[in-house]
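# Coordinate inspection notes
This is what each chain is made of:
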Amino acid sequence: MALLDSTVVNVALPRIGLDLHAGLAVLQWTVNAYMLTLAGLILLGGALGDRFGRRRIFVLGVVWFALASLLCGLAPNAAVLIAARALQGIGGALLTPGSLALIQSVIHPDDRPRAVGLWSGFGGVGAAIGPFLGGWLVDGPGWRWVFFLNVPLAAVCVPVALRHVPEVRDPAAHGRFDVLGAALGALSLALVTYALIAAPGGGVSPAVVVPAVLGVLLGVAFVAVERRRAEPMLPLSLFASRQFTAVNGVTLCVYAAFGGFFFLTVLNLQVVVGYSALGAGTALLPTTVLMLLLSARSGELGKRIGPRIPLTVGPLLCAAGMLLMTRAGVGAVYWRDILPALLVMGLGMVVLVAPLTATVLASVDVARAGLASGINNAAARAAGLVAVAALPLLAGMGEDAYRSADLFSGSFRRAMPICAVVLAVGAILAWTTVRSDVLAVPETPPPAPAEAAGAARPEEHPCGPCRPQCTYHCGVTAPPLDPGEPPATG
């Protein structure tokens, strides 16, 4: 459900805008309202599952997600749709952290690799068919069925989970939930996003400046609260690891560019090139298929040569693909102007994403790998959120640009180099900060180290660095959530 939704909705955006007589800002909020609540609450959702039962929170999330999807499909206007999308993101924050954690908790270690492989493979299939299915629904029964689709999926998922999935909790989970931290983080992102989306029409006015300033101040307050809490949602001590900080910086650059690229490219293929929704969705399949086929090999390559080179070369390949995509203008031919860009982009993502996930997990102590993965996932979603809000502003895209092929084409050609520059910054950051030996496993366990502030270096842990569970497919919209390996199997 979550993977389908993350890929299906973008294909429906032009039809949603035309049907609801909405401007570009509504299309941005249709994407960002969901990403906002998902990014802001996903860490809290994982903590709720640990405390109250992962199956219980997973099922609650599925039901919540389905009801919010139903409301999206029935939305009579843009305001209701945006509010329903925000509710949908809350459901996503409840169900997303639980799926792999349940596999990790209830399946015997001997059977776990096969189960994780199935989980990863089905995730790849879901991401691959999403644009195709979304385009078929938009061109057929209409864009509302993109959301209605989640209701029968939930009707199947809930009884299966209740009947066949055991309930599990984390016996070590205790203390108070960091609701204040979650609220401050989400409000900060919401206000900054609002200011960026409102800026093209509002200029330098109080309606834009005041939310922007308040958003920054709430962000500062969020950091202060997290620093002082005994059990914060976002333990800042994790960032004492230079590698963890560096890899999250790379993540911010990479997924900001990805978020802006996929948001604008789907619109460009329909508005400028003239594809149907189905044609636009199908056109993007090469990137996902490459990820599905080659992610495992990329992960093995990262282990052999270290993550520094993949995390440098991958963003540069993606940047080249985005520059090639500027050829996708009026009258573009798919095999000549669009497919080469998507193939280069897909290869860059293959090189990049699996080693990025592995490096995040390896940069902290095994016991904190799940938390590190959650932070990295939330950072990626927040980066995509800001990019979708900021990129049209930076590219000079007006409210009605998506209604005109000429206007949108010019803005799209200005936006792609911006994304490429952000990726180049990520590549430079990776080359200068990421160590090549992060994923190396020590031959003999070193003596117990003195506890450093934050997380121990991976090579200091007797189990060695944690390995990602993402084997056959890694996330396109965000790195996959990973609970980390149990210490017994580390």
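An account of the accompanying structure is given in this report. Owing to the predicted nature of the structure, the values given are computational and were not obtained by experimental measurement.

### Brief notes about the overall build of the chain
For the chain, the helix and strand inventory stands at 17 helices and 0 strands. Relative to a compact globule of 490 residues, whose C-alpha radius of gyration would be 23 Å, the chain shows 21 Å and is just as compact. Expressed along its principal axes, the backbone C-alpha trace of the chain runs to roughly 65 × 45 × 45 Å. Looking at the chain as a whole, 55% of its 490 residues qualify as buried. Counting only carbon and sulfur atoms, one obtains 69% of the accessible surface of the chain, whose full area is about 19,600 Å². On the chain, the mean spot of the 30 positive side-chain charges and the mean spot of the 24 negative ones are 3 Å from each other.

### Considerations on the nonpolar core
Ranked by internal contacts, the top residues of the largest apolar core, which has 119 residues, are Phe 258, Met 322 and Phe 408. Residue contributions to this core peak at 15 residues, all from helix α11 (residues 242-271). With 5 residues, the next largest nonpolar core counts Trp 29, Ala 33, Ile 197 and Ala 389 among its residues.

### Let's talk about the packing of aromatic side chains
Under the criterion given, the structure shown has 7 aromatic pairs. Between Phe 52 and Phe 177, the ring centres sit 5.7 Å apart and the planes meet at 40 degrees, which makes this aromatic pair tilted. Of the two residues, Phe 52 is situated in helix α2 (residues 24-52) and Phe 177 in the loop between α8 (150-164) and α9 (179-202); the sequence distance between them amounts to 125 residues. Overall, the relative accessible area of 36% leaves Phe 52 in the partly exposed class. Over the ring of Phe 177 we find Arg 51, and its NZ or CZ is 4.4 Å from the ring centre.

### Considering the packing of α11 against helix α15 (residues 334-362)
Packing of α11 against α15 brings their axes to within 11 Å, and their N-to-C directions diverge by 150 degrees. Here α15 runs roughly antiparallel to α11, going by the angle between their axes. Every pair of crossing elements has a handedness; the one defined by α11 and α15 is left-handed. Of α15, the residues touching α11 (which contributes Phe 244, Val 247, Val 250, Thr 251, Val 254, Tyr 255, Phe 258, Phe 261, Phe 262 and Leu 269) are Ile 338, Leu 342, Met 345, Met 349, Leu 352, Val 353, Leu 356, Thr 359 and Val 360.

### A few points about helix α5 (residues 98-106)
For α5, every residue scored as buried is listed here: Gly 98, Leu 100, Ala 101, Leu 102, Ile 103 and Gln 104. As for α5, its buried residues are in contact with α3 (54-74), α4 (78-95) and α6 (112-139).

### Section: the side chain of Thr 251
Residue position: Thr 251 is located in helix α11. Apart from residues no more than four positions distant in its own chain, Thr 251 is found in contact with Ala 256, Leu 356, Asn 376, Ala 380 and Pro 479.

### Quick word on the environment of Leu 18
Residue position: Leu 18 is located in helix α1 (residues 2-19). Assessed through its relative accessible area of 45%, Leu 18 is described here as partly exposed. Along the backbone, Leu 18 and Arg 403 are 385 residues apart, and their C-alpha atoms lie at a distance of 8.4 Å. In this structure, Leu 18 is in contact with Tyr 402 and Arg 403, ignoring residues within four places of it in sequence.

Criteria and thresholds
Here the residue numbering is sequential within each chain, running from 1 through the sequence in written order. Where totals are concerned, whole chains, interfaces and linings use all residues; where local detail is concerned, this predicted model gives features only for residues with pLDDT of at least 70, and gives and counts side-chain atom pairs only at 80 or more. By convention in this description, side-chain values take in all heavy atoms of the structure and omit both hydrogens and water. The secondary structure listing takes helices from DSSP runs of H or I that are at least 4 residues long and strands from runs of E that are at least 2 residues long, numbered from the N terminus. Radius of gyration: over C-alpha atoms. The globule rule applied is 2.2 Å multiplied by the number of residues raised to the 0.38 power. Classification of residues uses two cut-offs on accessible area relative to the type maximum, computed with a 1.4 Å probe and protein chains only: under 20% is buried, over 50% is exposed, and between them is partly exposed. Each accessible area is a Shrake-Rupley estimate made with a 1.4 Å probe; only the visible protein chains count as cover when residues are assessed. For the charge count, each Lys or Arg is scored as positive and each Asp or Glu as negative, with His and the chain ends excluded. A charged residue contributes its charge at one atom only: NZ of Lys, CZ of Arg, CG of Asp or CD of Glu. Residues belong to a common nonpolar core when they are buried Ala, Val, Leu, Ile, Met, Phe, Trp, Tyr or Cys residues joined through side-chain atoms within 4.5 Å. Stacked, tilted and edge-to-face are the three classes assigned to paired rings of Phe, Tyr and Trp, where Trp is represented by its six-membered ring and a pair needs centres within 6.5 Å; plane angles under 30 degrees give stacked, over 60 edge-to-face, the rest tilted. We call a charge positioned over a ring when the NZ of a Lys or the CZ of an Arg lies within 6 Å of the ring centre and within 35 degrees of the ring normal. Only the contacting stretch of a helix is used when fitting its axis, a line to C-alpha atoms as for every element, and angles between N-to-C directions run 0 to 180 degrees. Under this scheme an angle from 65 to 115 degrees is roughly perpendicular, one under 35 degrees roughly parallel, and one over 145 degrees roughly antiparallel; angles in between are oblique. Crossing handedness is defined as follows: a turn of the near helix away from the far one that is anticlockwise and smaller than a right angle gives a left-handed crossing, while the clockwise case is right-handed. For this analysis, residues touch if any pair of their heavy atoms sits within 4.5 Å.

Geometry only, nothing functional implied.
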